[in-house]
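Residue strings, one per chain:
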Amino acid sequence: MKFSDVDVAVIGSGPAGMAAAIKAKEEGAEHVLILERQEQLGGLLHQCVHNGFGLLYFGQDLTGPEYACRFVEKIRDLGIEVLLETMVTQISFDRKLTAVNSREGPIHTQPKSIVLAMGCRERSRGQLSIPGTRPAGIFTAGTAQRLVNVEGFIPGKKVVILGSGDIGMIMARRLSLEGVEVKAVIEILPYVGGLIRNEVQCLHDFDIPLYLEYTVTQIHGEQRVEAVTIARVDKNKRPVDGTEQNIECDTLLLSVGLIPENELSRMAGVALDPLAGGPVVDERRETNVPGIFAGGNVVHVHDLVDDVSWEAEIAGAWAAQFSQKGAFEKKGKIVLRPGRNIRSIVPQTISGQSDVTFYIRVKEMEEKVRLRIGDIYDRAFRVAKPSEMIKVDLLQKELNLLKGNPSELVVECQKGE
Amino acid sequence: MIEEKIICIGCPLGCETTLKIDDQGEVVKITGYKCKEGRQYVLEEHRSPVRVLTATVLTQNSARPLFPVRTSRPLLKTQLREAAKVLTKVKVKPPIRVGQIILPNLMNTGIDVIATDDLLN
């Protein structure tokens, strides 16, 4: 394999990396190279054996491995080069990339463009500061998922799940079906963190108690988890005295959010957005570093895999163009600013010169709202929820309606029908 | 007259609906839904709630200890636990291609259990 003439290098081969690489190849990039840390393509999809993937992308209800298989086949057919069990250790501002594996040793290449598709990581106990002892039996939901679905171990017999993210709820169902007693799901917010369908089909279907506005205040046990203390929280998410109760369990799973994986991005000098969590990108999903693009959960954590792949395709397509024609001529830059009830917006900047796919997350749940982007987009929504990102496609001709030469556009969610 | 509460999963709104059911088991009134599709979903969820079952089965002569499978069509919700138990007794050997039938006619339902991945070694 020659590393001297890579057109587009894609880091990671989950639902983002595979989609980006395929798109880049289809858009004419000749030498597309995927660098994957694991021993197979697909990233996290392999451990997501449940269904609910691809309903939008393929119009079919697929499981994670089935979703992965479709992309893997295409990668093979298109002749995209793949390096497995290969860890990218460094990327520089001028796209010098260093990777290492046990066959080739250190690999040095300078691709014409790079797509960051490393996905995200789970938040762990260290980031929550739960008091108590340090016994065995505390896992992130994703680690438990890997143990149960890939490696063939059941993490415990009596489980409490902190956080009602999708992976936590899906594990509640999976463990119940494997004969584990799931004693409770504890959520600090007044509503579940994941999708409604998962609340119904994973918790209600299996009669798993859901404690809203509760949190875990103490973990008990010396060698192994023996119990957790839970307590109700007030409006400021502080535990309320006198509401504590103990739940006996041997395992605590954490499903308390995901954070984009930023290590390589930072190394390359890519600017990060504290609101979305990952790199600041424009509508091409290009970062502030010319020729370095990003797509999927590395940019901001999506709710649906379909959107991960779609967004990465944007990055892949423009990365292909960059590799063939060089840097884009940038005529303008408009910054998107979050207004009322907006948590995050991707892309954070646009040129106004090409079509844009926006992903917008609100801060609080509200019914009967209007979402506005400057004076060019205004639409009513029956409900806006933090757990369900809003996708807005704007065509270039709609952007042409922008009056004057604005340097910023406010995105806001206002009450109204 | 009895009442059944069903949450609609059709959209992020998650409407909490209430069905009034008479002594003959007929739905006489549905309240709480906000669209036609929601009303239809709630009725079907009341009459016959079904779910696709996804699981893993054990392997033999393979580098992987487990292999993912699912039912080819949704099963009755009430059959999920029993079906999961049946699958604990299934063992598969490579080679298997995605979509291949692993267990035909699960519990005489006419529904097959199929592979959701390739198992080449």
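Residues numbered from 1 in each chain as written. Chains lettered and ligands numbered in written order. Predicted model: local features only at pLDDT ≥ 70, side-chain atom pairs only at ≥ 80, totals over all residues.

Novice: So what's going on with the overall build of chain B? Residues and values would help.
Specialist: Check the secondary structure of chain B and you find 2 helices and 10 strands. Secondary structure of chain B in N-to-C order comes out as β-β-β-α-β-β-β-β-α-β-β-β. For chain B, whose C-alpha radius of gyration is 19 Å, the value lies well above the compact-globule estimate of 14 Å for 121 residues. By principal-axis analysis of the C-alpha atoms, chain B measures approximately 55 × 30 × 20 Å. The 121 residues of chain B split such that 25% are buried. (Helix = DSSP H or I, 4+ residues; strand = E, 2+ residues; numbered from the N terminus. Rg over C-alpha atoms; globule rule 2.2 N^0.38 Å. Buried ≥ 20, exposed ≤ 12 C-beta atoms within 10 Å, placed from the backbone.)

Novice: Lay out the domain arrangement of chain A with the relevant residues and their values.
Specialist: All names here are of chain A. By the assigned domains, chain A splits into domain 1 (1-120 + 258-327), domain 2 (124-256) and domain 3 (329-417). The C-alpha centroid of domain 3 is placed 26 Å from the C-alpha centroid of domain 1. Between domain 1 and domain 3, the residue contacts involve 14 residues of the former and 17 residues of the latter. Here the residues of the side of domain 1 that touches domain 3 are counted per class, giving 6 nonpolar, 2 polar and 6 charged. (Domains from an automatic or database assignment. Contact = placed C-beta atoms within 7 Å. Nonpolar A, V, L, I, M, F, W, Y, C, P; charged D, E, K, R; others polar.)

Novice: Account for the pairing of strand E25 (residues 366-373) of chain A, with residues named and values stated.
Specialist: Residue and element names in this part refer to chain A. Strand direction decides the pairing type here: E25 and strand E26 (residues 377-384), joined by 7 bridges, are antiparallel. Note that in E26 the partner of Glu366 across the bridge is Ala384. Counting the residues between successive antiparallel strands, the hairpin from E25 to E26 contains 3 residues, one of them, Gly374, with a positive phi of roughly 50°. When E25 meets strand E28 (residues 408-415), the two strands line up antiparallel, connected through 5 bridges. Across the sheet, Val369 pairs through a bridge with Lys415, a residue of E28. (Pairing = 2+ DSSP bridges.)

Novice: I'd like to hear about the sheet that holds E28 of chain A, residue by residue, with values.
Specialist: All names here are of chain A. Within the open sheet, the 5 strands sit side by side as E23-E21-E28-E25-E26. Their pairing is mixed. The outermost strands of the open sheet, each flanked by one partner alone, are strand E23 (349-350) and E26. Pairing of strand E21 (residues 334-338) with E23, which is carried by 2 bridges, proceeds in the antiparallel orientation. Directly across from Ile334, in E23, lies its bridge partner Ile350.

Novice: Just give me the short version of the interface of chain A and chain B, but keep the residues and values in it.
Specialist: Facing 22 residues of chain A, the contacting portion of chain B comprises 22 residues. It is helix H5 (residues 196-203) of chain A that provides the largest number of residues to the side of chain A that touches chain B, a total of 4 residues. Of the residues that constitute the side of chain A that touches chain B, the class distribution is 8 nonpolar, 6 polar and 8 charged.

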